[in-house]
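# Working through the structure, step by step
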Amino acid sequence: MAFREKMLWGSLAATVAIWGWYFLGFLAALTGPRFDTSTEVGSFIFAVVALTVVQVVVAIVLAISSPAEARAPADDRDREFALRAYRPAFITLSVLVAMLTVVAPLTMATAPAWLGGKPSSVVPIVISNALLLSLVLAELVRSGTLVLLYRRGS
């Protein structure tokens, strides 16, 4: 397995694990009896920092284990795969953002029914987290497409 593919697997695993933890926690907080905005902001900051740290550590470990491959520039195949992976990711992101654009006003209109006594300030937080989830899903589509291309191309 090539260095870039190993990096991709590490990034994919970190993304699924860390953002999965974040979104499951957010959903639990949203459906729980009380929603604490500061706790959720702290969880978000922790997720961003944790993802950054994990990806840097993975990159360092992989670079130490194969320094020659780490320093090698991307070849034509790597560049082609990267370009091909952006199309499904962009389509995913575009469709999800378009759906959220339609759903956001409905979310605002139905908020009193599903908030269950929580403050109305939760609605923009839900919408922004839905946008964040769209971005994460698009990144997973990009990474998944790259993994498939590397697996088929090797």
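Residues numbered from 1 in each chain as written. Predicted model: local features only at pLDDT ≥ 70, side-chain atom pairs only at ≥ 80, totals over all residues. Heavy atoms only, no water.

Now for the overall build of the chain. When helices and strands are counted, the chain shows 5 helices and 0 strands. N-terminal to C-terminal, the α/β element order of the chain is α-α-α-α-α. Taken over the C-alpha trace, the chain has a radius of gyration of 19 Å; the compact-globule value for 154 residues is 15 Å, which it surpasses by more than 25%. Projecting the C-alpha coordinates of the chain onto the three principal axes gives extents of approximately 60 × 30 × 20 Å. Every one of the 154 residues in the chain was classed for burial, and the buried ones make up 32%. (Helix = DSSP H or I, 4+ residues; strand = E, 2+ residues; numbered from the N terminus. Rg over C-alpha atoms; globule rule 2.2 N^0.38 Å. Buried < 20%, exposed > 50% of the residue type's maximum accessible area, 1.4 Å probe, protein only.)

Together, Val41, Phe44, Ile45, Val48, Val49, Val53, Val57 and Val61 make up a nonpolar patch on the protein surface, roughly 640 Å² of accessible area in all. Looking at the secondary structure, you find Phe44 in helix α2 (residues 37-65). (Patch = residues over 30% accessible without salt bridge, like charges linked within 9 Å, V, L, I, M, F, W, Y side chains within 5 Å. Areas by Shrake-Rupley, 256 points an atom, 1.4 Å probe, with all protein chains shown as cover. Salt bridge = Lys/Arg side-chain N within 4 Å of Asp/Glu carboxyl O.)

Right, let's talk about the pattern of salt bridges for a bit. Tallied over the entire structure, the rule returns 5 salt bridges. Residue Asp76 pairs with Arg79 through a salt bridge whose shortest N-O separation is 2.6 Å. Taken together, the residues span about one helical turn, with Asp76 and Arg79 both in helix α4 (residues 76-115) at a distance of 3 residues.

The volume enclosed by the largest pocket comes to roughly 220 Å³. In terms of lining, the largest pocket is formed by 13 residues, of which the most central are Arg4, Met7, Leu8, Arg142 and Leu146. Counting residues per element, the ones that place at least two in the lining of the largest pocket are α1 (3-31), α4 and α5 (122-153). A breakdown of the residues in the lining of the largest pocket according to their chemical character gives 7 nonpolar, 2 polar and 4 charged. Estimates place the volume of the second largest pocket at around 160 Å³. If you trace the second largest pocket, you find it lined by Ser11, Thr15, Trp19, Val48, Leu51, Thr52, Gln55, Leu132, Leu135, Val136 and Glu139. (1 Å grid on protein atoms, 1.4 Å probe; cavity = no way out; pocket = protein on both sides within 12 Å on 5 of 7 lines; lining within 4 Å. Points joined across faces, edges and corners; volume = space filled by probe spheres on them. Nonpolar A, V, L, I, M, F, W, Y, C, P; charged D, E, K, R; others polar.)

This paragraph deals with the packing of α1 against α5. Contact geometry of α1 with α5 gives a least axis separation of 10 Å together with a crossing angle of 155°. Taken together, the axes of α1 and α5 are roughly antiparallel relative to one another. Relative to α5, the crossing made by α1 is left-handed. Looking at the contact of α1 with α5 residue by residue, the classes come out as 19 nonpolar, 4 polar and 3 charged. (Axes fitted to C-alpha atoms, helices over the stretch in contact; angles between N-to-C directions. Parallel < 35°, antiparallel > 145°, perpendicular 65-115°, else oblique. Left-handed = near helix turned anticlockwise from the far one by under 90°.)

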